[in-house]
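Inside the fold
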Amino acid sequence: MQMLTWAGKECIMTIMGACLVAIGLLVVIWGVIETHGVDMTNLDFLSFFTGGIIVMVLGMCLIPALPPVGKVAGIWLAGVAIAWYVGCMDMELVVKLMSFVVIAGLAAWLTTKLI
């Protein structure tokens, strides 16, 4: 049995990350097909969109060759997508604001871990 070298591990992580990015993109495309277009106020579409963005960002974070700035930008893009999704839900304003604080805090914490 051959042991993986560091270059082999980076290669595996890059392939896995690229696959997750592709799957996330397919989820967003699937959402466009299922909901018959892009409507950024339709919760059905937003669930596909947000889920796809999250999977794409997870894939981006697995790719070692991607600079930290790209990973941070992806994390904040996912945070904005989640905040938009929560904002479109029919909830009390206080609950939405609490959700926004949690989303921003998580994105800021992940940013500090990557930089």
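Everything numeric here is computed off the predicted structure, so don't read it as measured data.

Moving on, we get to the overall build of the protein. Secondary structure assignment for the protein yields 4 helices and 0 strands. Secondary structure elements of the protein occur, N-terminal to C-terminal, as α-α-α-α. Taking the principal axes of its C-alpha atoms as reference, the protein extends roughly 55 × 35 × 25 Å. Taken across its 115 residues, the protein has 24% of its residues classed as buried. When contacts within the protein are restricted to residue pairs at least 6 apart in sequence, long-range pairs at least 24 apart make up 60% of them. Considering the protein, the positive charge centre built from 4 side chains and the negative charge centre built from 6 side chains are found 21 Å apart.

So, on to helix H2 (residues 43-62). With 20 residues, H2 should reach 28 Å at 1.5 Å per residue; the first-to-last C-alpha distance of 29 Å fits that figure. Along H2, the residues that are buried comprise Phe45, Leu46, Phe49, Thr50, Gly52, Ile53, Met56, Val57 and Gly59.

Moving on, we get to unusual backbone geometry. Phi is positive for His36, which is not a glycine, with a value near 60°. Inspection of the secondary structure assignment puts His36 in the loop between helix H1 (6-34) and H2. You can call His36 exposed: its relative accessible area is 74%.

Positionally, Lys113 belongs in helix H4 (residues 93-114). Taking the C-alpha atoms as reference points, Lys113 and Met89, separated by 24 residues in sequence, lie 30 Å from one another.

Before going further, it helps to examine the packing of aromatic side chains. Counted under the stated rule, the structure contains 2 aromatic pairs. Judged by centre distance (5.1 Å) and plane angle (65°), the rings of Trp30 and Phe48 are edge-to-face. Residue Trp30 is located in helix H1, and its partner Phe48 is located in helix H2; the two are separated by 18 residues in the primary sequence. Exposure remark for Trp30: the relative accessible area of 48% places this residue in the partly exposed category. Considering the side-chain rings of Phe45 and Phe49, the 5.8 Å spacing of their centres and the 25° angle between planes classify their relative orientation as stacked. Placement of the pair is Phe45 and Phe49 together in helix H2, with a separation of 4 residues, close to one helical turn.

Criteria and cut-off values
Residues numbered from 1 in each chain as written. Predicted model: local features only at pLDDT ≥ 70, side-chain atom pairs only at ≥ 80, totals over all residues. Heavy atoms only, no water. Helix = DSSP H or I, 4+ residues; strand = E, 2+ residues; numbered from the N terminus. Buried < 20%, exposed > 50% of the residue type's maximum accessible area, 1.4 Å probe, protein only. Contact = heavy atoms within 4.5 Å. Lys, Arg positive; Asp, Glu negative; His and termini not counted. Charge placed at Lys NZ, Arg CZ, Asp CG, Glu CD. Expected span 1.5 Å × (residues − 1). Phe/Tyr/Trp six-rings, centres within 6.5 Å; stacked < 30°, edge-to-face > 60°.

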